[in-house]
Amino acid sequence: MVKHTATSVVTIERFIIEQEKLHPEATGELSGLLYDLALAAKMIANKVRSAGLADILGATDLENVQGETQQKLDVLANEIIVKAVDHGGRLCAMASEEEPDIIEIPENFRCGKYCLLFDPLDGSSNIDVNVPVGTIFSVVRKITRGSRGEMEDMLQPGRRQVAAGYVIYGSSTMLVYTTGQGAHGFTLDPSLGEFLLSHPNIRTPDVGRYLSVNDSYHSQWEPPVQNLMNYYRGQDGNRQPMNTRYVGSLVADFHRNLLGGGLFAYPANRRNKHGKLRLLYEASPLSFIVEQAGGAATDGIQRILDVQPTELHQRTPLFIGSKNDVDAALAMLGAQHKSGDSLAPVGSVGA
Ligand code: AHM
Ligand code: MG
């Protein structure tokens, strides 16, 4: 494969094609899907950029200038992604954090061999205050025999993903993805309308600088989780204190930590007994990416990528980021689980 540096000008399209060449058996279906997702990302970026103007441009709270009913941006992002990928003949089904059931491919379109699972606009509650939001996606291969995708195809452990990625709509729009050959980042050049390779082969430091966690849950965490957070803050004297940075928008927190080194944690608490984040739309794809960058991810007992999902919208506790910091979570929370001190699911608080 051609070796790229951040100074060669490489579009995402060319990069995807070059990666495909590493697999002589490839049919181009996955490449086509990734390219369609990059297109959807550009369309969503466009909407997000003018989100603050929605009320001004809309004739009323409910209608926009064309007289169409104003949609919430996360619903709109969902629709953009579905419309960008449903007709390409690459997918047999989809699932979205925004929709309760599997999204079927319309009867008039051909079905392909992949399933797409996605969170169209994560952190969308932050849009009103101009904080970065993101899209997260995961691709798995169909495993059932029929022509249409089924629930069994969706409920595969994360290690079976063939691709995963996220888009951050921040001060610039970036798309980071992996197909299992490293994690690569592309920045949208707005003047060209192209994603250009800006972060080839991302590597995340083994030891994190940043700790991203919502501290307001401290009193609602189980003691082992509280001890773990004290350890990250250096309060027990066993570690250099980490800097706390919490945007409250997963993609933004994850992205900063991926590049700078850090640990994002969303443990279970008394209110969210299984954590808050979704295994299939958030935890699994980001775990695939972080592992490709040399980091790790656990639910406190096992590697996120080994968790067997049982429900489409399953939630999971999540500790993700720099390898040594994730190992510490596993050691401190996993030990508690093994000793039987808690019967609650990983990092979670007993019912
Ligand atoms: P969402 O999928 O409804 O947007 O919720 C997920 C978001 C994440 O982006 C963020 O990490 C988390 O919720 C913040 O939750 P909290 O406000 O409890 O800290
Ligand atoms: Mg989300």
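Data block above holds the structure.
Anyway, here's the lowdown on the structure attached to this text.

## Thoughts on the site of ligand 1
Around ligand 1 lies a shell of 16 residues, among which Asp122, Tyr217, Tyr246, Leu250 and Tyr266 are the nearest. The contact in question runs from an oxygen atom of ligand 1 to an N or O atom on the side chain of Glu282, over 3.3 Å. Considered on its own, ligand 1 offers 470 Å² of accessible surface; in the complex 79% of this is hidden by protein. Residues of the shell around ligand 1, tallied by class, amount to 6 nonpolar, 5 polar and 5 charged.

## Re the pairing of strand β8 (residues 194-199)
Direction of pairing for strand β7 (residues 183-189) relative to β8: antiparallel, over a ladder of 5 bridges. Each bridged residue has a counterpart across the sheet, and for Phe186 the counterpart in β8 is Leu197. Counted along the chain from β7 to the antiparallel partner β8, the turn is 4 residues long, and its residue Gly193 has a positive phi close to 70°.

## A short note on the coordination of the magnesium ion (ligand 2)
Coordination of the magnesium ion (ligand 2) by the protein involves Glu97 (OE), Asp119 (OD), Asp122 (OD) and Glu282 (OE), with metal-donor separations of 2.0 to 2.7 Å. In the primary structure, the donors to the magnesium ion (ligand 2) are separated according to the pattern E-x21-D-x2-D-x159-E. Here the residue Glu97 occupies a position in the loop between β1 (91-96) and β2 (103-104), and Asp122 occupies one in strand β3 (residues 114-122), the gap between them amounting to 25 residues. Looking at Glu97, the relative accessible area reads 23%, which means it is partly exposed. Assessed through its relative accessible area of 8%, Asp122 is described here as buried.

## Structural notes on the environment of Pro157
Within the secondary structure, Pro157 is located in the loop between α5 (151-154) and β5 (161-169). With a relative accessible area of 1%, Pro157 lands in the buried category. For the pair Pro157 and Val307, spaced 150 residues apart in sequence, the C-alpha to C-alpha distance is 5.6 Å. Setting aside anything within four residues of it in sequence, one finds Pro157 in contact with Leu305, Asp306, Val307, Gln308 and Pro309.

## A word on the pairing of β3
Walk down a regular strand and you will see the side chains alternate between the two sheet faces. For β3, the buried fraction is high: 9 of the 9 residues fall into the buried class. Relative to strand β4 (residues 133-141), β3 is paired through 7 bridges, and the arrangement is antiparallel. Bridging across to β4, Leu117 finds its partner in Ser138.

## Details of the state of the cysteines
Applying the stated criterion across every chain yields a total of 0 disulfides. Just so you know, Cys115 is unpaired, no disulfide at all, and the nearest cysteine sulfur is the one on Cys92, 3.6 Å from it. Since its relative accessible area comes to 0%, Cys115 is described here as buried.

## Structural notes on the environment of Gln226
Secondary-structure assignment places Gln226 in helix α6 (residues 223-232). Each C-alpha atom, one on Gln226 and one on Asp215, is 9.9 Å from the other, the two residues being 11 residues apart in sequence. Beyond its immediate chain neighbours, meaning those up to four positions away, Gln226 contacts His218, Ser219 and Trp221.

## As for the sheet that holds β2
One open sheet accounts for 8 strands, arranged β2-β1-β3-β4-β5-β6-β7-β8; its pairing is mixed. If you trace the sheet from one side to the other, it starts and ends with β2 and β8, each paired once. With 8 bridges joining them, β4 and β5 adopt antiparallel strand pairing. Looking at β5, one finds that Gly134 is bridged to Ile168. Docked against the sheet, helix α1 (residues 12-20) engages β6 (173-178), β7 and β8, running at close to 5° with respect to β6. The strands that helix α8 (residues 279-292) touches are β1, β3, β4, β5, β6 and β7; relative to β5, the one it contacts most, it runs at about 100°.

## Some words on the nonpolar core
Grouped together as the largest cluster of nonpolar side chains are 57 residues, with contacts concentrated most on Val85, Met94, Leu116, Leu121, Val139, Tyr169 and Tyr177. Tallying contributions element by element places helix α2 (residues 29-49) first for this core, with 10 residues. Residue contributions to this core reach at least three from each of two domains, namely domain 1 (12-199) and domain 2 (210-338). The contacts of Tyr177, once residues within four sequence positions are left out, are Ile12, Phe15, Ile16, Gln19, Leu34, Phe137, Ala164, Gly165, Gly182, Ala183, His184 and Phe186. Listed in part, the 47 residues of the second largest apolar core include Val213, Leu277, Leu279 and Val307.

## Notes on the packing of aromatic side chains
Overall, the coordinates contain 7 aromatic pairs when judged by the stated rule. Between the aromatic rings of Tyr246 and Phe264, the centroid separation amounts to 6.3 Å while the plane-to-plane angle is 25°, which identifies the pairing as stacked. Remark: Phe264 occurs in strand β11 (residues 262-266) and Tyr246 occurs in the loop between β10 (243-244) and α7 (250-260); sequence separation between them is 18 residues. With a relative accessible area of 32%, Tyr246 lands in the partly exposed category. By relative accessible area, Phe264 is classed as buried at 3%. One aromatic cluster is present, formed by Phe15, Tyr177 and Phe186 through successive ring pairs. Stacked on the ring of Tyr210, the Lys or Arg Arg256 has its end atom at 5.4 Å from the ring centre.

Conventions adopted
Note that residues are indexed from 1 along each chain, following the sequence as it is written. Labels are handed out in written order, letters beginning with A for the chains and numbers beginning with 1 for the ligands. Local features in this predicted model are restricted to residues whose pLDDT is 70 or higher, and side-chain atom pairs enter the listing and the counts only when it is 80 or higher, whereas totals over whole chains, interfaces and linings include all residues. Each side-chain value is derived from all of the structure's non-hydrogen atoms; neither hydrogens nor water enter the calculation. Neighbouring residues are identified by heavy atoms, a residue being near a molecule or strand if any of them is within 4 Å of it. Pairing of N or O atoms within 3.5 Å defines a polar contact, subject to two protein rules: one partner must be a possible hydrogen donor and the other a possible acceptor, and residues neighboring in sequence count only if both atoms are side-chain atoms. Each accessible area value is a Shrake-Rupley result obtained with a 1.4 Å probe; residue values ignore everything except the protein chains displayed when judging cover. Residue polarity is assigned by list, with Asp, Glu, Lys and Arg as charged and Ala, Val, Leu, Ile, Met, Phe, Trp, Tyr, Cys and Pro as nonpolar; anything else, Gly included, falls into the polar class. We treat two strands as partners when DSSP finds at least two bridges between them. Secondary structure follows DSSP: runs of H or I at least 4 residues long count as helices, runs of E at least 2 residues long count as strands, and numbering of each begins at the N terminus. Only nitrogen, oxygen and sulfur atoms within 2.8 Å of the metal, or 3.2 Å for Na, K and Ca, are treated as donors, and water is left out, so sites may look incomplete. Here's how the labels work: a residue is buried when its accessible area is under 20% of the maximum for its type, exposed when over 50%, partly exposed in between, all with a 1.4 Å probe on protein chains only. In this analysis, two residues are considered to be in contact whenever any of their non-hydrogen atoms come within 4.5 Å of each other. Note on terminology: pairs of cysteine sulfur atoms within 2.5 Å are recorded as disulfides. Convention adopted: a line fitted to C-alpha atoms gives each axis, helices being fitted over their contacting stretch, and angles between N-to-C directions are expressed from 0 to 180 degrees. Grouping buried Ala, Val, Leu, Ile, Met, Phe, Trp, Tyr and Cys residues that are joined through side-chain atoms within 4.5 Å yields what is termed a nonpolar core. Where each domain starts and ends comes from a domain assignment, either automatic or drawn from a database. Here the aromatic set is Phe, Tyr and Trp, taking the six-membered ring for Trp, and pairing holds for ring centres within 6.5 Å; pairs whose planes are under 30 degrees apart are stacked, those over 60 apart are edge-to-face, and all others are tilted. Think of it as a cone above the ring: NZ of Lys or CZ of Arg counts as a charge over the ring if it is within 6 Å of the ring centre and within 35 degrees of the ring normal.

Interpretation in functional terms is not warranted from these geometric data alone.
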